[in-house]
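# Examination of the molecular architecture
Below are the chains, spelled out letter by letter.
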Amino acid sequence: MAVRLDGKKISSDIEQEIAAEVKELIARGMRPPHLAAVLVGDDGPSRTYVRNKMKACEVVGFRSSLIKLPEDISEQELIARIEDLNRDDEVDGYIVQLPLPEHISVEHIIDIIDPKKDVDGFTPSNFGKIDQEHHSLLPATPMGVMELLKRYRIETRGKHCVVVGKSHIVGMPMGILLAGPGDATVTICHIYTRDLATHTRMADILVVAVGKPNLITADMVKEGVVVIDVGINRVPDGTKKKGYALRGDVDFEGVEPKASYITPVPGGVGPMTIASLIINTLEAYKKRHGLL
Ligand code: BQF
């Protein structure tokens, strides 16, 4: 039976550490770190994610601001609002919640985020520094996965890590972190990969970030594999009061007996993403205030 990687517990530990640090800053007469979130439209999951982020700010003693904008806002108007955040000396970091409405180019938006305030680590400048020793802000989800592995003392050096999914936000930066700082051998699989199972069966550490429930089944992994499930899927479930349950991309019940470690969904990688955002915001605050 596998050890469950308890992201909820680890993220809560991290938040307690940061809360203590914030208390010290306040005791020294400084203002608290400030994270802003931009939410365009009212996509259901996005509202939940933004709420999770605002709640984490409260737990650690950060100031937080939620900027809600209408679904039909023009790209130009959104850019103007982001430029306001770039100029605002009271804002240490901010996120633009994705996905954005179809008529807005995510690339145009990410391009104008001030890299010093880019606590999601999505800007070209931060992306380009992922594998540098003096990196700045790392992409929040891959950073959370690395931290989770570290806290459970799961070695990546020399391991064969297979990443499924090549998104700009998770898969690609995950591969860079594992191969670079992680010293692992990395295979990145994606939608065009032929015979996915051949690759996943080679994995010592398997990271799945696709968004397809039950994509990974027991026959696709080897005995002793470490499974990191980044997927967050809503599947209909009549027994739940919301009418759905959260499931990852991995058939948890089938795969767990073969795994040495496995992340649950919920309570695995998700909370670590939020913790990383908080770490990055404190980092941005410290740089802004000359504390690093
Ligand atoms: C948990 C996200 C897909 C697309 C855009 C805790 C979160 C999720 C789950 C959360 C995610 C997923 C976020 C749990 C933020 C992670 O207890 O398992 C927290 O809030 N996430 C996002 O902002 O945008 C997404 C997934």
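See above for the structure.
This write-up is about the structure you can find in this document. (Residues numbered from 1 in each chain as written. Predicted model: local features only at pLDDT ≥ 70, side-chain atom pairs only at ≥ 80, totals over all residues. Heavy atoms only, no water.)

Right, let's talk about the overall build of the protein for a bit. Summing up its helical and strand segments, the protein has 10 helices and 11 strands in all. In terms of overall dimensions, the protein is globule-like: its C-alpha atoms have a radius of gyration of 19 Å, near the 19 Å expected for 292 residues. Principal-axis analysis of the C-alpha atoms places the extent of the protein at approximately 55 × 40 × 40 Å. Going through the 292 residues of the protein one by one, you find that 49% of them count as buried. Nonlocal contacts in the protein, meaning residues at least 24 apart in sequence, comprise 69% of its contacts between residues at least 6 apart. In the form shown here, the protein has an accessible surface area of approximately 14,200 Å², with 52% of it arising from carbon and sulfur atoms. Across the protein, the centroid of the 36 positively charged side chains sits 4 Å from that of the 41 negatively charged ones. (Helix = DSSP H or I, 4+ residues; strand = E, 2+ residues; numbered from the N terminus. Rg over C-alpha atoms; globule rule 2.2 N^0.38 Å. Buried < 20%, exposed > 50% of the residue type's maximum accessible area, 1.4 Å probe, protein only. Contact = heavy atoms within 4.5 Å. Areas by Shrake-Rupley, 256 points an atom, 1.4 Å probe, with all protein chains shown as cover. Lys, Arg positive; Asp, Glu negative; His and termini not counted. Charge placed at Lys NZ, Arg CZ, Asp CG, Glu CD.)

This part takes up the nonpolar core. The biggest cluster of nonpolar side chains holds 48 residues, and the ones touching the most others in it are Ile 18, Phe 62, Leu 178, Val 207 and Ile 228. Not counting the four nearest positions on each side in its chain, Ile 228 is found in contact with Leu 5, Val 145, Leu 149, Ile 205, Leu 206, Val 207, Val 208, Thr 263 and Val 269. Ala 2, Met 220, Val 255 and Ala 259 belong to the second-largest nonpolar core, a separate cluster that totals 20 residues. (Core = buried A, V, L, I, M, F, W, Y, C linked by side-chain atoms within 4.5 Å.)

Between helix H6 (residues 140-151) and helix H7 (residues 171-179), whose axes approach to 9 Å, the crossing angle comes to 40 degrees. Accordingly, the angle class assigned to the pair H6 and H7 is oblique. H7 is crossed by H6, and the crossing has right-handed handedness. Contacts between H6 and H7 involve Pro 142, Met 143, Val 145, Met 146 and Leu 149 from the first element and Pro 173, Met 174, Leu 177 and Leu 178 from the second. (Axes fitted to C-alpha atoms, helices over the stretch in contact; angles between N-to-C directions. Parallel < 35°, antiparallel > 145°, perpendicular 65-115°, else oblique. Left-handed = near helix turned anticlockwise from the far one by under 90°.)

This part takes up the pattern of salt bridges. Per the stated rule, a full pass over the model turns up 14 salt bridges. The shortest N-O distance in the salt bridge between Arg 31 and Asp 92 comes to 2.9 Å. Placement of Arg 31 in the loop between helix H1 (7-27) and strand E2 (34-40) and of Asp 92 in the loop between helix H3 (75-87) and strand E4 (93-96) is noted, with a sequence separation of 61 residues between them. Take Arg 31: its relative accessible area is 21%, and that puts it in the partly exposed class. The buried category is assigned to Asp 92, whose relative accessible area is 0%. (Salt bridge = Lys/Arg side-chain N within 4 Å of Asp/Glu carboxyl O.)

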